[in-house]
Amino acid sequence: MLHERGAELAQISGALRTAREGGPSLVLLTGPLGIGRSALLQRLAARAVHEAEDVRVLRANAAPVEQDFAFGVVRQLFDSLLAGAPGELSERWTRESACFANLALADEDMPAGDRSTAAYEPALSGLLSLLESVSADGPLLILVDDLQWVDTPSLRWLAYLAKRLRGLRAVVVCTLRDGEPRARHPLLSEVVEAATQRLRPRPLSSAGTAALIRDHFGEPGDEEFIRACHETCAGRPLSLSAVLLDLAAAGHRPTADRAGAVRAARPADLRERLARSVRLQPEPVRHLAAAIAALGEPGDPALVPRLAGLDPIDYAAALRDLHALGLAADEREPRFVHPVVADAVQSSLSVAEREWLHDHAAELLYRAGRSDEQVAAQLMAGVTSRHDWSVGVLRAAADVALRRGAPEVAVRYLRRALLDASLVGEGRSRLLIDLATAERGLDPVACERHISQAIPLLPTPGHRAAAALRLTPAVMGLLRPSAVDLLRQVADELGPPDALGGAAREMALRLEARLRQSGIDDPAELASAVERLYGMGEEPPTATAAERELVAVLVSAATLTCRLPADEVTRLAMRLLEREPVASARVYSALPLATVALVAADSVDAVGSWLSVEQRIGRSRASVTVADGFGHLEQAMVFMARGRPTLAHAHAERALRLSDAHWQELGLAATIALVRTALEIGDPALSERVLDEASRRSSSCLPLAVAVQFLGASVDAHRGRWAAAVETLMACGRRLESAGWRNPVLFPWRLRAAGLYQRLGDPRSALALAEEDRLRAEEWGAPVAMGRALRLKGMLLGGETGEDLLREAVGVLRGSANELELARALLQLGGRLEGRPEADDLLREAAALAAACEAPWLVERARRGGGDGTVRLEDALTRTERRVVTLAGRGLTNSEIAGELGVTSRAIEKHLTNSYRKLNVSGRRELIAALPRLQAVKGS
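Sequence positions are assigned chain by chain, starting from 1 and proceeding in written order. Totals for whole chains, interfaces and linings use all residues, but because this is a predicted model, local features are given only for residues with pLDDT of at least 70 and pairs of side-chain atoms are given and counted only at 80 or more. To obtain the side-chain values, all non-hydrogen atoms of the structure were used and water was disregarded.

Here we take up the overall build of the protein. Assigned secondary structure in the protein consists of 48 helices and five strands. The buried share among the 940 residues of the protein stands at 54%. Taking as baseline every contact in the protein between residues at least 6 positions apart, the subset at least 24 positions apart corresponds to 69%. For the protein, the exposed surface amounts to about 39700 Å²; the carbon and sulfur share of it is 51%. The numbering of helices and of strands both runs from the N terminus, where a helix is a DSSP run of H or I of at least 4 residues and a strand a run of E of at least 2. Partly exposed describes any residue whose relative accessible area lies between the buried limit of under 20% and the exposed limit of over 50%, with all areas from a 1.4 Å probe on protein chains only and scaled to the type maximum. Residues are treated as being in contact if the distance between any of their heavy atoms lies within 4.5 Å. Calculation of accessible area relied on Shrake-Rupley with a 1.4 Å probe; when residues are assessed, cover is drawn exclusively from the protein chains displayed.

Right, here's the structure in full:
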C-alpha cells in the first residue's frame with residue numbers, strides 16, 4: 001500500500017540501470033519519522049527481486065539495541081547476499097567474518113584515538129573485493145535502513161565503501177531519519193557527503209490519503225472522513241495506517257460520521273513506536289517533549305521552557321530537533337503533530353518523573369496566575385501534592401465546573417482534594433459538603449454518604465441542618481430510608497419552624513418540605529400534608545424560598561388526593577410561580593411540583609409563559625445544565641396538557657438525554673413523561689420501545705411503576721390481549737387508591753379500563769368505571785377531567801342520553817387547554833350525528849384540531865366519519881393491506897400469510913400494524929371479531 005512514491009522509485013530504478021553499465025551511485029533517503037522511508041526500501045527490495053533476475057539484493061535494518069554489536073549491519077548485508085551462494089564465496093565470507101570477530105574484540109580494547117580506518121584497511125578492502133566479485137555477475141542493490149543506528153564498525157565500512165564505489169556495479173540506498181543526534185557522527189557525515197542523490201519523500205496529498213483509505217477498507221471514504229484523516233495525520237503514512245487499522249479493527253467504515261473517531265484515535269502500536277523514539281533522544285529534547293505533553297497544547301512559550309529547565313537557546317534548539325524528528329508541528333511553536341505523540345511522551349516517563357512533572361507544572365501555572373481549572377488539571381494528573389494551596393485550587397475549580405454545568409468534573413476535583421491528609425475537622429466537613437453537592441445529581445448514594453460523614457464534624461445544629469439540605473431533593477419521593485432518618489434527626493435537633501426565626505426557620509421549613517415529600521406514597525402522610533395546608537389559611541406564606549418550597553409540597557399532596565378543587569390548586573400554584581424568580585435554583589427544591597399541579601388542574605397557559613421566560617434565560621448560558629433538563633421536562637408536561645404529544649415526546653427525550661449525565665431524578669421524571677406521550681400517541685412500535693427503556697429503570701419509584709403498568713396494558717391491548725390489559729389496569733388502580741393518589745387527570749386508569757371492558761363485551765363494568773370516573777372528575781373540577789369522563793359515558797351509552805353527554809363533553813372541553821381531547825369529543829359527537837347537517841362541521845373541526853395536534857390517526861378517522869370507528873375496508877386500506885387483513889381473518893399466522901403472498905414476515909407485521917390503526921382496532925383478536933361487521937359495511 002505504497003502511494004505517491006513513483007518519482008523516488010523511478011530514480012532508483014534509473015540508478016540501477018546506470019549501475020548495470022558500470023555507473024554506481026549512493027542514494028540517501030531522508031525525512032521525519034513516519035514518512036515511509038522503510039516502506040520504500042521494502043518496495044525496492046521486492047521490485048528488484050521480481051522485475052530484475054540479475055539484481056542481487058543486500059539488505060540490513062539497523063536498530064538502537066544492536067548498536068553495540070560490532071559489524072552487525074555488515075553481517076546482515078552479507079548474510080543476505082550469500083544465502084545459497086556458491087561454496088567459494090561462502091568460504092571467503094567465512095574468512096572475512098572471522099576477521100571481523102577479531103577486529104571487534106580488538107576494537108573494544110583499542111584507545112579511541114587509534115580507531116582509524118587505516119587500522120581496519122585489510123578487512124575493509126577484503127569485503128570490497130568480495131562485493132566486486134559478486135557484482136561481476138549482475139548489479140547489486142545494497143539497502144541500509146536507519147543509518148543513524150548503524151553500529152560504529154559497520155558505519156566505518158559504509159564510509160569506506162562510499163568513497164570506493166567507482167568500478168562497482170552497485171546502488172547503495174540508505175535511509176536517515178531527520179533530527180537524530182547521531183546524524184552528526186563523523187563517519188555518518190562521510191556517508192551523507194558521499195551521496196550522489198538525495199531523495200526526500202513528501203507527505204501524502206489528500207488524494208494519496210484517500211487511496212490509502214480505500215486500500216484499508218476496500219471502499220472509498222466519504223469526503224469528511226478523508227479530510228479528518230488528512231488533517232489529523234498530516235500526510236504521514238505511518239500515522240495514517242495505524243489510525244486506519246485501529247478503526248477497521250473496531251468495525252468502523254470510512255463514513256462521514258466516523259470523522260470524530262479519526263480525530264480521537266490513539267493507536268497503541270503507534271504510541272509505542274513514538275515512545276521508543278523519544279527515549280533515544282538527548283536530555284534537552286526529552287525534557288522539552290515532556291513539558292509540552294504535561295502543559296497540553298498549544299503549549300505556553302513562556303512556561304514550557306521553564307518546566308523543561310531549558311534556557312532560550314537550548315529551548316529553540318530542542319524544539320527544532322523535535323520538529324525535525326516529525327514530532328512537533330512547527331519549529332517555533334510547542335505543539336505536537338498528533339495527539340498520540342503526547343501519549344507516547346507520557347508513556348516514556350517513569351511514575352516518579354510524571355509525578356514531579358505535573359506537580360511542578362501546577363506550581364508554575366499557579367504562580368503565573370493561570371485559571372483554577374488549568375492548575376487543577378495538573379494536580380489531578382498526580383497522586384499527591386506538596387503545596388498548601390492545592391485544596392483551595394481544587395475547590396475553586398470544582399465551583400467553576402459546577403457553574404458551567406459539568407458536575408462530574410467537579411466531583412473528580414473534590415474527590416482528589418479529599419486525598420489531602422492535612423484536612424481535619426470542620427475544614428474536612430466543608431469539603432465533604434461541597435463534594436456531596438456536586439454528587440447529588442449523579443450519585444445520590446455517595447451524596448448521602450458524604451453528608452453523613454460531614455455532619456458529625458460540624459459545630460452547631462444550624463450547620464448540620466444546612467448540610468443535610470444538600471441531599472438530593474426527592475421530587476419523585478425517592479429518598480432512601482437512611483436519608484429520611486438523617487433529615488428527621490437534624491430536623492428534630494433544630495426544632496419546629498414556628499419556634500425559630502431567621503435562617504434557622506428557613507432551614508426548618510425546607511426540612512419539613514423534604515420529609516413530607518418523602519412520604520408521598522403514604523396516605524396518612526398525604527392527609528397530614530393537606531391538613532397542614534388547611535392550617536395555613538387561604539393565603540399561605542410564600543415570601544421566602546423555604547416557604548414556597550413547603551407550600552409546593554403541600555399543594556402537590558392536595559393535587560394527588562383531590563382534597564382541594566382544581567381552581568384552588570391553580571390559585572395557590574400561581575402564587576408560587578409569581579413569587580419565584582425565574583433564574584432561581586428551583587431544580588434543587590420541590591418547586592417543580594407546582595408545574596405538575598397546574599398541569600393536573602388544566603391551567604397551563606400561565607405556566608407556559610413562565611417557562612418561556614425561563615427558557616430564554618437558559619439559552620443565554622454558555623453550557624447545558626440540569627436546569628435545562630428540567631426546563632425540557634416541564635415543557636413536555638405543558639405540551640401534553642395542551643394535547644401536543646409529539647412535541648411533548650421530543651422535549652421528554654431531550655430531558656432524558658441530559659439526565660443520563662446529570663440527574664437521576666430528572667431521568668425518572670423524563671421516563672414517566674415519555675411513557676405518557678407514548679400512551680397518547682398510541683403507536684405500537686413506539687410504545688414497545690419506551691416500555692423496554694422504562695422497565696430498566698427503578699421500580700421502587702411509585703409514579704414510574706404506575707406509568708410502566710399503564711404502558712404495559714396499552715401494549716397488551718395493541719396485541720389483542722384485552723383481558724390481561726384490564727387486569728393490569730385494575731391492579732394499577734388498586735395500587736393508586738391504596739396510596740391515596742386519586743387524581744383523574746394524572747392517573748386516568750378508569751378511562752382506559754372502561755374502554756377495554758366494553759371491547760370484552762362487559763358494558764356493566766365499563767359503565768360502573770365510567771360513573772366512578774365522572775364523580776372523581778366532578779370532585780376535582782378540571783375541564784379536561786370532566787370532558788374526558790363525559791365523553792367516555794357518552795361513548796358507552798346510546799340514544800339521546802349518550803348524545804347529550806357527548807354534547808356536554810364538547811362544551812366543557814372548549815374551556816380546556818387540551819385541544820386533542822376536544823378533537824376526540826368532536827369526533828365522537830360527529831360520528832353519532834352522522835347524516836345530520838351539523839355532523840360535517842363537527843368532523844371538519846375535529847380534523848383541523850387533530851392536524852394542529854399532529855395526530856394523523858384522528859385526522860384520518862374524522863375524514864372517514866369517525867364516531868364509533870366503523871370504516872369501509874376499501875376506503876381505509878390499500879389493496880395489499882386488505883389481502884393481509886382477509887388472510888388474518890381466516891386465522892393464518894404472519895409466517896403463513898408471508899408464504900401465501902411471497903413476502904417477509906416483517907412486511908406482514910408492518911401491514912397489520914398500519915391496518916389496526918386505520919381500522920381503529922387494537923390487535924389481531926379485535927380485528928378478527930370486527931371483520932364481519934367491517935365487511936358488512938363494505939357491502940352495504
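Oppositely charged side chains may form a pair once their charged atoms are brought near each other. Whenever a carboxyl oxygen of Asp or Glu lies within 4 Å of a side-chain nitrogen of Lys or Arg, that contact is scored as a salt bridge. Per the stated rule, a full pass over the model turns up 54 salt bridges. Two residues, Arg271 and Glu272, come together in a salt bridge whose shortest N-O distance is 3.8 Å. Arg415 is paired through a salt bridge with Glu439; the nearest N and O atoms lie 2.7 Å apart. In this pair, Arg415 sits in helix H20 (residues 407–417) while Glu439 sits in helix H21 (residues 425–439), placing the two residues 24 residues apart along the sequence. For Arg415, a relative accessible area of 40% translates into the label partly exposed. Of the residues examined, Glu439 reaches a relative accessible area of 1% and is grouped as buried. Taken together, the shared-partner salt bridges in this structure form one network comprising Glu737, Arg742, Arg750, Glu772, Arg776 and Glu779.

Moving on to the environment of Leu877. Secondary-structure assignment places Leu877 in the loop between helix H44 (873–876) and helix H45 (879–889). The class for Leu877 is buried, based on a relative accessible area of 5%. Residues in contact with Leu877, not counting those within four places in the same chain, are Arg882, Val885, Ser915, Lys918 and Leu919.

Looking now at the sheet that holds strand E1 (residues 25–31). Pairing is parallel across the open sheet formed by five strands, whose spatial order is E2-E3-E4-E1-E5. Of all the strands in the sheet, the pair left with one neighbour each is strand E2 (56–61) and strand E5 (197–199). Neighbouring strand axes in the sheet, compared pairwise and without regard to direction, differ in orientation by 15 degrees on average. Strands were regarded as paired on the criterion that DSSP finds at least two bridges between them. One ladder, built from seven bridges, connects E1 with strand E4 (residues 170–177); its direction is parallel. Looking across to E4, one finds that Gly31 is bridged to Arg177. Axis lines are fitted to C-alpha atoms, over the contacting stretch for helices. Their N-to-C directions set the angle, which ranges from 0 to 180 degrees.

Once that is clear, we can look at the packing of helix H8 (residues 206–217) against helix H10 (residues 237–249). Put simply, H8 and H10 touch, their axes get as near as 10 Å, and they point 35 degrees apart. Regarding H8 and H10, the two cross each other, and that crossing is right-handed. Contacts between H8 and H10 involve Thr209, Leu212, Ile213, His216 and Phe217 from the first element and Pro237, Leu240, Ser241, Leu244, Leu245, Leu247 and Ala248 from the second. By residue class, the composition of the contact of H8 with H10 is nine nonpolar, three polar and no charged. Crossings are assigned a handedness: left-handed for a near helix turned anticlockwise from the far helix by less than a right angle, right-handed for a clockwise turn. Ten residues, namely Ala, Val, Leu, Ile, Met, Phe, Trp, Tyr, Cys and Pro, are considered nonpolar, four, namely Asp, Glu, Lys and Arg, are considered charged, and the remaining ones, Gly among them, are considered polar.

Another aspect to go through is the environment of Gly235. Relative to the assigned elements, Gly235 resides in the loop between helix H9 (223–233) and H10. Spatially, the C-alpha atom of Gly235 lies 4.3 Å from that of Leu204, the residues being 31 residues apart in sequence.

Taken N-terminus to C-terminus, the directions of H45 and helix H47 (residues 905–919) make an angle of 95 degrees; their axes are 9 Å apart at the nearest point. One element, H45, and the other, H47, form an angle in the roughly perpendicular class. On the side of H45, the interface is formed by Thr880, Glu881, Val884, Val885 and Ala888, while H47 contributes Ile908, His911, Leu912, Asn914, Ser915 and Lys918. Taken together, the residues that form the contact of H45 with H47 break down as five nonpolar, four polar and two charged. Comment on the angle field: the value is read as roughly parallel under 35 degrees, roughly antiparallel over 145, roughly perpendicular from 65 to 115, and oblique elsewhere.

So, on to the side chain of His338. The topology assignment puts His338 in the loop between helix H15 (312–325) and helix H16 (339–347). Classification of His338 as buried rests on a relative accessible area of 3%. From its side chain, His338 meets the backbone nitrogen of Val340 in a polar contact 3.0 Å long. Non-local contacts of His338, meaning those with residues more than four positions away in its chain, are made with Thr232, Cys233, Val243 and Ala265. Two N or O atoms count as a polar contact when they lie within 3.5 Å, although within protein this holds only if one can serve as hydrogen donor and the other as acceptor, and sequence-adjacent residues are included solely when both atoms are side-chain atoms.

Along the chain, Arg182 turns up in the loop between E4 and helix H7 (186–193). In this tally Asp and Glu are treated as negative and Lys and Arg as positive; neither His nor the chain ends contributes. Here Arg182 sits buried without a salt bridge, and the closest side chain of opposite charge, Asp151, lies 7.3 Å off (N-O distance). At 2.6 Å, the side chain of Arg182 forms a polar contact with the backbone oxygen of Val150. Sequence-distant contacts of Arg182, that is, excluding residues within four places in its chain, are made with Gln67, Leu147, Gln148, Trp149, Val150, Asp151, Thr152, Leu155 and Leu188.

Another point: the nonpolar core. Counting 125 residues, the largest nonpolar core has Phe710, Leu736, Trp741, Phe747 and Trp780 as its most contacted members. When neighbours within four sequence positions are excluded, Trp741 is seen to be in contact with Ile520, Asp521, Leu526, Leu560, Leu702, Pro703, Leu736 and Phe747. Ala289, Leu431, Cys447 and Ala465 belong to the second largest nonpolar core, which has 85 residues in total. For the purposes of this section, nonpolar cores are sets of buried Ala, Val, Leu, Ile, Met, Phe, Trp, Tyr and Cys residues that join through side-chain atoms within 4.5 Å.

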